[in-house]
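Structural overview for review
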Amino acid sequence: MTAADQELHFADAGEAADLAAFLARLIHYDRAAAVRLQAGGGVLAVFGRPPSFEVLAIRTARLEAIIGTDTTTAGAAGASGPGALDTTVSAGELGDALDTARAGRTADGHEVRDRGLVVTVPKAVTGPPWAGVLPPRGGWRRVSGLPGVDEVHGAVAAAVAEFRARDAELPEERRTRAERDRIGHEIWSRTLGDTGLPLRAVHAAQSLGFLRPVRAAAPAATSAGAGGGVATATPGPTAEPLALLAAGGWLRLRTPYGSIAVRTSGLSGLSVTPA
């Protein structure tokens, strides 16, 4: 069975809508973006890599089932086996599939956010190199020293302001992409306090909507079966705002709306003008 023969039965249409918004943000940075999908333990994990930030972004959503055209079914409790999913697809095609499914639900004008949604998995595409190197499924340990939410927002704002100020001060003959990339590399390669987490990871979290205020909702579901708790699905009112974790040469900033992961060796710098 191929991925295109399968349907994802989302447990909550609101989580599917949040996933569609995440995909739209990825496409904003790369119209040809691809995402890797892994499903297990009743959770779909979606991995993407916005090129401007050079980080791995992860969003999850709860599943009721994965169903194929051969009637093979993986229920919400199935972490592997028949019906399990691991494929790379076009972010745009997955976003279109989500939009089509949501439009079908709202055709009668009576959408209910907490009802499920059925989405057909797009055909697989040749994955980019990053799709073959994902964070470990388990073994994550908490890293101390992460500032509070307000301080994290402040650090990003200060870095963006510094970039813009230094860019404005450049003489006309030096106002080139190469010079701007050099400034961006210098600023965004700095770490957040003493954590070792590059500022570009926090900037990516903010730009992808992962640092927005937590809304009151059903209790959060972690992706224990699809990435070792890599991200959270719809957060509840008591969801932990931020946490920094480490495992196997990776650092991961976990938020109620998703995670940003970076490798702690061989990191390359950010080359982007802040949005």
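A quick note: this is a predicted structure, and the numbers were derived from the prediction, not measured.

Looking now at the overall build of the protein. In terms of regular secondary structure, the protein is built from 5 helices and 11 strands. Taken over 275 residues, the protein has a buried fraction of 49%. Only carbon and sulfur atoms are counted for the fraction: they give 52% of the accessible area of the protein, which is about 12000 Å².

The subject of this paragraph is the nonpolar core. Where a protein is soluble and globular, its nonpolar side chains tend to be buried together. Among the nonpolar cores identified, the biggest contains 60 residues, and Phe 10, Leu 44 and Leu 98 are the most heavily contacted of them. Among the elements that take part in this core, helix 1 (residues 13-29) stands out by supplying 8 residues, more than any other. If we ignore the near neighbours within four places in the chain, the residues touching Phe 10 are Ala 16, Leu 19, Leu 44, Ala 61, Arg 62, Leu 63, Glu 64, Leu 98, Gly 116, Leu 117 and Val 119.

Turning to the pairing of strand 11 (residues 258-263), a few remarks are in order. The buried fraction of strand 11 is high, at 5 of 6 residues. Note that strand 4 (residues 56-68) and strand 11 share 3 bridges and pair antiparallel. In the sheet register, Ala 57 faces strand 11, and the bridge partner there is Ile 260. Sheet topology places strand 10 (residues 250-255) next to strand 11; 6 bridges connect them, and they run antiparallel. Each bridged residue has a counterpart across the sheet, and for Arg 252 the counterpart in strand 11 is Ala 261. The hairpin formed by strand 10 and strand 11 contains 2 residues between the paired strands.

The terminal C-alpha atoms of helix 1 lie 25 Å apart, and with 17 residues this matches the ideal 24 Å at 1.5 Å per residue to within 8%. Buried residues dominate helix 1, accounting for 12 of its 17 residues. Those residues of helix 1 that sit buried are Ala 13, Gly 14, Glu 15, Ala 16, Ala 17, Asp 18, Leu 19, Ala 20, Phe 22, Leu 23, Leu 26 and Tyr 29.

Attention now goes to the packing of helix 3 (residues 149-169) against helix 5 (residues 199-207). The geometry of helix 3 relative to helix 5 is characterised by a closest axis approach of 10 Å and an angle of 105° between their N-to-C directions. With respect to helix 5, the axis of helix 3 lies roughly perpendicular. Listed contacts from helix 5 to Val 152, His 153, Ala 155, Val 156, Ala 159 and Val 160 of helix 3 are Leu 199, Val 202, His 203 and Gln 206. Split into classes, the residues belonging to the contact of helix 3 with helix 5 amount to 7 nonpolar, 3 polar and no charged.

This next bit is on the environment of Ala 247. The residue Ala 247 is located in strand 9 (residues 243-247) in this model. What makes Ala 247 buried here is its relative accessible area of 8%. Taking the C-alpha atoms as reference points, Ala 247 and Arg 141, 106 residues apart in sequence, are found 6.5 Å from one another. Those residues in contact with Ala 247, other than ones at most four positions away along the chain, are Pro 136, Gly 138, Gly 139 and Trp 140.

Now for unusual backbone geometry. Unlike most non-glycine residues, Glu 54 shows phi in positive territory, near 55°. Assignment of secondary structure puts Glu 54 in the loop between strand 3 (43-48) and strand 4.

Summed over all chains, the structure comprises 16 salt bridges. Here Asp 86 makes a salt bridge to Arg 36, at a shortest N to O gap of 3.0 Å. With a gap of 50 residues between them, Asp 86 in strand 6 (residues 85-90) and Arg 36 in strand 2 (residues 34-40) connect regions that are remote in the sequence. Exposure remark for Arg 36: the relative accessible area of 16% places this residue in the buried category. Among the salt bridges present, the one from Arg 174 reaches Glu 179, with a minimum N-O distance of 2.8 Å. A residue is classified by how much of its surface remains accessible, and Arg 174, at 40% relative accessible area, is partly exposed.

Turning next to the confidence of the model for the protein. Per-residue pLDDT for the protein averages 82, and the proportion of residues at 70 or more is 77%. Segment residues 217-231: pLDDT under 50, and 58 contacts once partners within four positions in sequence are set aside and those in other chains are kept. Contacts for the low-pLDDT stretch residues 266-275, under 50 throughout, to residues beyond four places or in other chains number 34 contacts.

This part covers the side chain of Arg 59. Tracing the backbone shows Arg 59 in strand 4. On the basis of relative accessible area, Arg 59 is assigned to the buried category, the value being 2%. Side-chain polar atoms of Arg 59 contact the side chain of Asp 18, separated by 3.3 Å. Of note is the side chain of Arg 59, whose polar atom sits 2.9 Å from the backbone oxygen of Tyr 257.

Calculation criteria
Residues numbered from 1 in each chain as written. Predicted model: local features only at pLDDT ≥ 70, side-chain atom pairs only at ≥ 80, totals over all residues. Heavy atoms only, no water. Helix = DSSP H or I, 4+ residues; strand = E, 2+ residues; numbered from the N terminus. Buried < 20%, exposed > 50% of the residue type's maximum accessible area, 1.4 Å probe, protein only. Areas by Shrake-Rupley, 256 points an atom, 1.4 Å probe, with all protein chains shown as cover. Core = buried A, V, L, I, M, F, W, Y, C linked by side-chain atoms within 4.5 Å. Contact = heavy atoms within 4.5 Å. Pairing = 2+ DSSP bridges. Expected span 1.5 Å × (residues − 1). Axes fitted to C-alpha atoms, helices over the stretch in contact; angles between N-to-C directions. Parallel < 35°, antiparallel > 145°, perpendicular 65-115°, else oblique. Nonpolar A, V, L, I, M, F, W, Y, C, P; charged D, E, K, R; others polar. Salt bridge = Lys/Arg side-chain N within 4 Å of Asp/Glu carboxyl O. pLDDT = per-residue confidence, 0-100. Polar contact = N/O pair within 3.5 Å; in protein donor to acceptor, adjacent residues only side chain to side chain.

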